[in-house]
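Breakdown of the fold
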Amino acid sequence: MRISILLEKFKRGLNAVDRIVSSKNTLPILNNILIKTEDNQVVLSATDLEVGVNYYLGGKVESEGAITIPGKVLSNFINSLNEEKINLLSNNGVLSAKTEKSEASINGMAPDDFPIIPKVEGKTLAEIDGMALKQAISQVAFSVSYDESRPVLTGVYFKSDGKSLKLVATDSYRLAEKEVVGVSVSEKIDFIVPIKTINELHRIITSSEKIKIIASENQVMFLLSDMDIVSRIIEGEYPDYEQIIPKNFKTKAVIKTAELANIVKTASFFAKENANNIKMNFAGNEITVEAVSSQLGNFKSKIPCTLSGEDNEISFNAKYLLDALGGLNSNEMTLEMVGKLNPGVIKPSGGNLGITYIIMPLRN
């Protein structure tokens with residue numbers, strides 16, 4: 001293989017794929033990045049057997065070929081360079097890399113044992129504005145569970161009736177549901193994508209380019225203009241989460257999002273030793289936020305709100321509440337509740353921004 005590539009493009013490609021590479025992989029070949037030529041272009045690939053990334057580079061291909069190179073070694077070397085282009089030559093398991101000022105020979109491995117990253121064949125289920133998808137991921141991903149005993153909760157649920165697309169995540173103590181804007185859906189969608197894939201997707205999206213979603217029975221592919229991400233789909237049926245969302249409420253408060261976030265953040269310092277428990281009392285167009293610490297002392301603060309319905313109280317995990325407030329992207333929010341033993345519902349106030357958070361209450 002003999003190729004010539006613009007160095008800046010090569011860096012972008014390596015940065016896109018090398019996060020998949022881990023020195024902790026038990027298979028040595030998985031620590032490597034595959035460099036190959038395909039259809040007169042250069043392709044960089046990495047996989048951990050759960051998620052795979054292919055990045056397609058322009059470049060001058062003088063002779064075809066392929067080689068795998070330790071990802072961290074290659075990335076560290078390439079990112080230290082600042083010339084315009086780089087020439088790569090592979091021969092007998094060694095990659096020779098040469099720029100105007102630098103050159104290196106890096107021992108690699110034959111590509112024969114590198115796992116094939118499958119192309120997911122099928123109809124495009126949806127096309128999504130990249131930045132809309134990136135925002136939706138940031139608004140729900142923090143609610144994913146990391147408890148491997150319930151695998152279906154360790155990913156983000158993609159759900160569509162063929163019209164709109166929703167992303168859902170829950171760890172059974174809280175739930176986030178986001179209806180994605182800027183999406184064209186052509187088919188019913190019903191699958192769960194592992195959180196590792198979701199985090200990688202969020203990291204690599206940098207523009208509003210359209211992203212295509214193609215899925216088979218057990219795999220999904222997110223197709224961008226210069227790369228694709230292929231992931232397994234988590235087996236199993238996602239819980240019928242809609243049944244836990246209260247339909248009727250006894251209390252509704254409209255609150256300035258930033259003001260509540262500031263108070264909850266302060267209260268959280270006092271709540272750490274008490275399972276992050278903060279108590280919220282709703283009465284007379286005010287919310288009283290309280291936290292108790294046997295070591296630090298007590299905290300109490302009041303914030304104005306527009307209250308309708310009954311006076312009420314509820315206790316939340318402060319971290320869960322702060323995560324939700326940070327995901328609203330709204331100056332004002334509504335908090336709706338039935339009672340102190342029922343889940344609270346948090347949404348943006350005014351206009352439909354398509355995001356809903358459910359937080360289970362804590363017992364005092």
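Report on the accompanying structure. (Residues numbered from 1 in each chain as written. Predicted model: local features only at pLDDT ≥ 70, side-chain atom pairs only at ≥ 80, totals over all residues. Heavy atoms only, no water.)

Some details on the sheet that holds strand β10 (residues 124-129)
Spatially, β6-β2-β3-β4-β18-β17-β16-β10-β14 is the arrangement adopted by the nine strands of the open sheet, whose pairing is antiparallel. Each edge of the sheet is formed by a strand with only one pairing partner; in this case those strands are β6 (66-70) and β14 (183-185). Each adjacent strand pair in this sheet contributes to an overall mean axis angle of 20 degrees, direction not counted. Sheet topology note: the strand β4 (residues 51-57)/strand β18 (residues 227-232) ladder contains five bridges and is antiparallel. By the bridge assignment, Val53 is partnered in β18 with Ile229. In the packing of helix α2 (residues 71-78) onto the sheet, the strands contacted are β2 (32-38) and β6, and the crossing angle to β6 comes to about 85 degrees. (Pairing = 2+ DSSP bridges. Helix = DSSP H or I, 4+ residues; strand = E, 2+ residues; numbered from the N terminus. Axes fitted to C-alpha atoms, helices over the stretch in contact; angles between N-to-C directions. Contact = heavy atoms within 4.5 Å.)

Observations concerning the side chain of Arg174
Within the secondary structure, Arg174 sits in strand β13 (residues 174-179). A polar side-chain atom of Arg174 sits 2.7 Å from a polar atom in the side chain of Asp323. When neighbours within four sequence positions are excluded, Arg174 is seen to be in contact with Phe142, Ser143, Ala169, Lys319, Tyr320, Asp323, Ile358 and Ile359. (Polar contact = N/O pair within 3.5 Å; in protein donor to acceptor, adjacent residues only side chain to side chain.)

With respect to the pairing of strand β24 (residues 312-317)
Counting buried residues along β24, five of its six residues qualify, which places the element largely inside the surrounding structure. Alignment of strand β20 (residues 277-283) against β24, held across six bridges, turns out to be antiparallel. Note that in β24 the partner of Lys279 across the bridge is Ser315. (Buried < 20%, exposed > 50% of the residue type's maximum accessible area, 1.4 Å probe, protein only.)

Quick notes on empty space enclosed by the protein
Counting across every chain of the model gives one cavity of 30 Å³ or more. Estimated volume of the largest cavity: approximately 30 Å³. Lining the largest cavity are Thr170, Ser172, Tyr173, Arg174, Leu175, Ile244, Ile358 and Met360. Its residues assigned to classes, the lining of the largest cavity comprises five nonpolar, two polar and one charged. (1 Å grid on protein atoms, 1.4 Å probe; cavity = no way out; pocket = protein on both sides within 12 Å on 5 of 7 lines; lining within 4 Å. Points joined across faces, edges and corners; volume = space filled by probe spheres on them. Nonpolar A, V, L, I, M, F, W, Y, C, P; charged D, E, K, R; others polar.)

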